[in-house]
Amino acid sequence: MSAPRFTLAQRFQRAFLISLSRLPAAVQRLLARPPVNSAGEGMAPDVALLMKLSESGPDYSDLPAAEAREVTESDLALFAARVPACAIEEEIEVADGVLATRYSTGTPSRGLILFFHGGGFVIGSRASYTAPARMLAHGTGADVVSVEYRLAPEHPFPAAHDDALAAWRYAAEHAAGWGISPHRIVVAGESAGGNIAAVLCQQVRGEAVQPLLQVLIQPVTDLVEHRPSQDEFAGSPALSAKQIAWFAQNYLPEGTDPADPRVSPYRAPSLTGLPPAIVNLAGFDPLHDDGLAYATALLEAGVPVEVTREAGLVHGYLSYTGISPSSRQATERLVGAIAAALDRSYSTTITKAG
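Residues numbered from 1 in each chain as written. Predicted model: local features only at pLDDT ≥ 70, side-chain atom pairs only at ≥ 80, totals over all residues. Heavy atoms only, no water.

### A short note on the UniProt feature "domain: Alpha/beta hydrolase fold-3" (unreviewed entry) in the chain
Okay, step 1: What UniProt calls "domain: Alpha/beta hydrolase fold-3" (unreviewed entry) maps, in this numbering, to residues 113-318.
Okay, step 2: The span residues 113-318 is 33% helix and 18% strand, and its two end C-alpha atoms sit 16 Å from each other. (UniProt positions renumbered as here; feature names shortened; annotations may be inferred. Helix = DSSP H or I, 4+ residues; strand = E, 2+ residues; numbered from the N terminus.)

What follows is the structure in structure tokens.
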């Protein structure tokens, strides 16, 4: 994929944001006093400055979905890190009309990561998540298949989950042709994509081929219960209560039961027998408590869980890697955690085989 083309004004905006992100933390604190959450943690100074600048900007949830996508795609491209392309970047069709991009470093792969982007089931795309997909491929040595699942309101619930299941079937069937064992497929996703990944693991539970690992990054897990973090960060410029309501309105057809496990995986009758999980949280995320609740429920069901938590960051930090060093470093830590999990599973496989 070629680098996005920016207007002169956009190039200036990006350069300005990058210059602010490189100021000493003490100066950033003077420009924007970092808030402190209920746990007593301060927001990273560069993120606090970015949030202050975002407060007065337009809100995509005031727009129709199609227009909101245009605005957010431009912003996401502007904010993303420039990550070197992988040796192989090819478009594949994982189901009728459902496309994906496969990223590969071209070396013998240690696995495959089936990735689902964020965006509340309404916005976001493979293109706007190019940077984290490439970071995952370079940092783990695994191939990455980033899926362009259908978006609401044109394709409401359960279209995204239908596409995810089709993508899983395709990946499991074609992995061997890419030199990868179908038993070494990780499913991963951010926000809405985390919901998709969690639901997918429940849908294929008990089958002969199941995910090796589920990576749930700031996931949406429960649309039934309203937890404290949703109130604490209701006005977050990164993800506000107003935007969450807009996503749900566009995504769920009238009459949909929010307790359906495909909507709220936390509400599944049982979580036993699911793949080990990495659940990633951010300290200033309205979805923090929902993700923590799901991680806790998985643990109580006997599922191995590693909770990684970025205390000073906000929802969607994967999209700020070009203009926030804190977000870039956090994304690199997450990639490292996934690589370490792949290392552990590979060592276990070798030991059992021996």
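### Some details on the packing of aromatic side chains
Okay, step 1: Under the definition given, this model contains nine aromatic pairs.
Okay, step 2: Relative to W246, the ring of Y60 lies with its centre 5.7 Å away and its plane at 65°, an arrangement referred to as edge-to-face. Within this pair, whereas Y60 is found in the loop between α3 (45-55) and α4 (65-79), its partner W246 is found in helix α9 (residues 241-251), the two being separated by 186 residues in sequence. Each member of the pair, Y60 as well as W246, is classed as buried.
Okay, step 3: Arranged with centres 5.6 Å apart and planes meeting at 55°, the rings of F233 and F284 form a pair that is tilted. Placement of the pair is F233 in the loop between α8 (228-232) and α9 and F284 in strand β7 (residues 277-284), with a sequence separation of 51 residues. When sorted by exposure, F233 lands in the same class as F284, which is buried.
Okay, step 4: Taken together, the aromatic side chains of Y60, W246 and F247 make up a single cluster linked through ring pairs.
Okay, step 5: The aromatic ring of Y266 is capped on one face by R227, whose charged end is 4.9 Å from the ring centroid. (Phe/Tyr/Trp six-rings, centres within 6.5 Å; stacked < 30°, edge-to-face > 60°. Buried < 20%, exposed > 50% of the residue type's maximum accessible area, 1.4 Å probe, protein only. Lys NZ or Arg CZ within 6 Å of the ring centre and 35° of its normal.)

### Here's the deal with α9
Okay, step 1: Among the residues of α9, Q243, W246, F247, N250 and Y251 are the ones counted as buried. The arc that holds every buried residue of α9, seen down its axis, measures 120°, which confines them to one face.
Okay, step 2: On its buried face, α9 is in contact with α4 and α6 (159-174). (Arc of directions from axis to C-beta. Contact = heavy atoms within 4.5 Å.)

### Here's the deal with the side chain of S324
Okay, step 1: Tracing the sequence through the fold places S324 in the loop between β8 (305-314) and α11 (325-353).
Okay, step 2: If we skip the residues at most four places from it in the chain, S324 touches S21, D46 and V47.

### Re the pattern of salt bridges
Pairing is possible between side chains that carry opposite charge, provided their charged atoms lie close to one another.
Okay, step 1: Counted under the stated rule, the structure contains 21 salt bridges.
Okay, step 2: Here D163 and R150 are joined by a salt bridge, their closest N and O atoms 2.9 Å apart. Pair noted here: D163 is in helix α6 and R150 is in the loop between β4 (143-147) and α6, with a separation of 13 residues, a long-range link.
Okay, step 3: The exposure class assigned to D163 is buried, which follows from its relative accessible area of 4%. (Salt bridge = Lys/Arg side-chain N within 4 Å of Asp/Glu carboxyl O.)

### Comments concerning the nonpolar core
Okay, step 1: One finds L114 and V147 to be the most contacted residues of the largest nonpolar core, which totals 59 residues.
Okay, step 2: If one sorts the elements of this core by residue count, α6 sits on top with seven residues.
Okay, step 3: When neighbours within four sequence positions are excluded, V147 is seen to be in contact with V98, L99, A100, L114, F115, F116, H117, R126 and A167.
Okay, step 4: Counting residues in each nonpolar core, the second largest holds 50 residues, with A77, I217, I278 and F284 among its members. (Core = buried A, V, L, I, M, F, W, Y, C linked by side-chain atoms within 4.5 Å.)

### Remarks on the pairing of strand β5 (residues 185-190)
Okay, step 1: Within β5, six of the six residues are buried, which leaves the element mostly enclosed by the surrounding structure.
Okay, step 2: Covered by surrounding structure in β5 are I185, V187 and G189 together with V186, A188 and E190, the residues of both alternating faces.
Okay, step 3: With five bridges joining them, strand β3 (residues 112-116) and β5 adopt parallel strand pairing. Note on β5: the bridge partner recorded for L114 is V187.
Okay, step 4: As judged from the five bridges shared by β5 and strand β6 (residues 213-217), these two strands associate in the parallel manner. Within the sheet, the bridge partner assigned to A188 lies in β6 and is V215.
Okay, step 5: The handedness of the β5 to β6 crossover, carried by helix α7 (residues 192-203), is right-handed. (Pairing = 2+ DSSP bridges. Right-handed = clockwise from strand over helix to strand, strands pointing away.)

### What to know about the pairing of β4
Okay, step 1: Among the five residues that make up β4, five are buried, leaving the element largely enclosed by the rest of the structure.
Okay, step 2: Burial of the side chains of β4 extends over both faces: D143, V145 and V147 are buried on one face and V144 and S146 on the other.
Okay, step 3: Judged from the four bridges that link them, strand β2 (residues 98-104) and β4 form a sheet pairing that is antiparallel. Paired with A100 across the strands is V147, a residue of β4.
Okay, step 4: Relative to β4, β3 runs parallel, the two being bridged by five bridges. Residue pairing for β4: F116 is matched across the bridge by V147.

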